[in-house]
Amino acid sequence: MVASNNSMANFNPVPPGRLVTHFTNRDRELQSAGWSELWDMGQSDLWDRGIPSPALVDFVESRPRLLPRREGGRRLRALVPGCGKGYDPVMLALHGFNAYGLEVSQTAIDTANAYATTELAHPTVFNFAETDNRHVDQPGTVKFVRGDLFQRDWEVGCVAEDGTQGFDLIYDYTFLCALLPEMRKDWARRIRELLTPSGVLVCLEFPLYKDLKSVGPPWGVKGVYWNLLGEGGDGLIQELAGASDTGHGPFERVAYIKPPRSYKAGQGTDMLSVWALKK
């Protein structure tokens, strides 16, 4: 049925969200500044979830076999790029990791430090799954570092006292989906550089319900992680292609899980993928 001119005149499209509007016409060089501006304007509510990732909490507690082994008593090191107010790094520290949170905004760093001080002293129940895993003998440490993932200057702030570099676990939730699609290949390259040879990249894939051609952030990512990591592509896919069990990329997907718990925004559609570097 063809719509009449009158009905088209009365059609009011849904306006773009505040995030999309804020980043309209911002090229790659202006992305970091755009996020810093939102922090400074007190608009972190656009993405803040208020609690650590339930899917990540459940993963860490229920699937320890997928984590690297601790060698010589060394604590595992975790990195959360775009860590926001610090919920996930603090949760990981409470589970024994030495955790690092990376943010581009000093406002974010200050907020995360204040949160960590309170939460590490008196952990809230949402840092743990339903099973009683609240008694880590000695929690790890948390450090928040200001920097741009695509630069290397911030890495010096993450070198351990014994000289250890690299990360045994890197967590991605709303970092990749916030990037301009043209930046995805560089994201995959940086993750590969930062991950230890035996480390794992854990991705809570969101939003999988959003059309790949829709404008972000957040940008739809259905099939993007597989294209980037499993196939070694550039992540600039326009439609979903079938993923085989093996690909030609630098990463092997060692687990693909529908998490029983996730944030409300992605509950029922989010997937948790776990990646390791091919030997």
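Let me begin by describing the structure that accompanies this report. (Residues numbered from 1 in each chain as written. Predicted model: local features only at pLDDT ≥ 70, side-chain atom pairs only at ≥ 80, totals over all residues. Heavy atoms only, no water.)

1. Examining the overall build of the protein chain
- Summing up its helical and strand segments, the protein chain has eight helices and seven strands in all.
- A buried classification covers 50% of the 279 residues belonging to the protein chain.
- A fraction of 68% describes how many contacts in the protein chain between residues 6 or more apart in sequence connect residues 24 or more apart.
- Summing over all exposed atoms, the protein chain offers an accessible surface of approximately 14300 Å²; the carbon and sulfur share of this is 51%. (Helix = DSSP H or I, 4+ residues; strand = E, 2+ residues; numbered from the N terminus. Buried < 20%, exposed > 50% of the residue type's maximum accessible area, 1.4 Å probe, protein only. Contact = heavy atoms within 4.5 Å. Areas by Shrake-Rupley, 256 points an atom, 1.4 Å probe, with all protein chains shown as cover.)

2. Some remarks on the sheet that holds strand β6 (residues 251-257)
- The seven strands are arranged β3-β2-β1-β4-β5-β7-β6 in an open sheet whose pairing can be described as mixed. Single-partner strands in this sheet number two, and they are β3 (142-146) and β6. Across this sheet, the average inter-strand angle for adjacent strands is 20°, counted without regard to direction.
- Alignment of strand β5 (residues 195-205) against strand β7 (residues 271-277), held across six bridges, turns out to be antiparallel. Pairing of Leu201 across the sheet is with Trp275, part of β7.
- This element, helix α6 (residues 106-121), spans β2 (98-103) and β3 of the sheet and lies at about 175° to β3.
- Against the sheet, helix α7 (residues 184-194) contacts β1 (77-81), β4 (167-172), β5, β6 and β7, and its axis sits at roughly 140° relative to β5. (Pairing = 2+ DSSP bridges. Axes fitted to C-alpha atoms, helices over the stretch in contact; angles between N-to-C directions.)

3. What to know about unusual backbone geometry
- Note that the residue after Phe206, namely Pro207, is joined by a cis bond; omega there is -5°.
- Mapped onto the secondary structure, Pro207 falls in the loop between β5 and α8 (224-230).
- The linkage connecting Pro217 with the following residue, Pro218, adopts the cis geometry, with an omega of -10°.
- One can find Pro218 in the loop between β5 and α8.
- Unusually for a residue other than glycine, Asn25 sits at a positive phi of about 70°.
- With respect to the helices, strands and loops of the structure, Asn25 is situated in the loop between α2 (18-23) and α3 (31-40).

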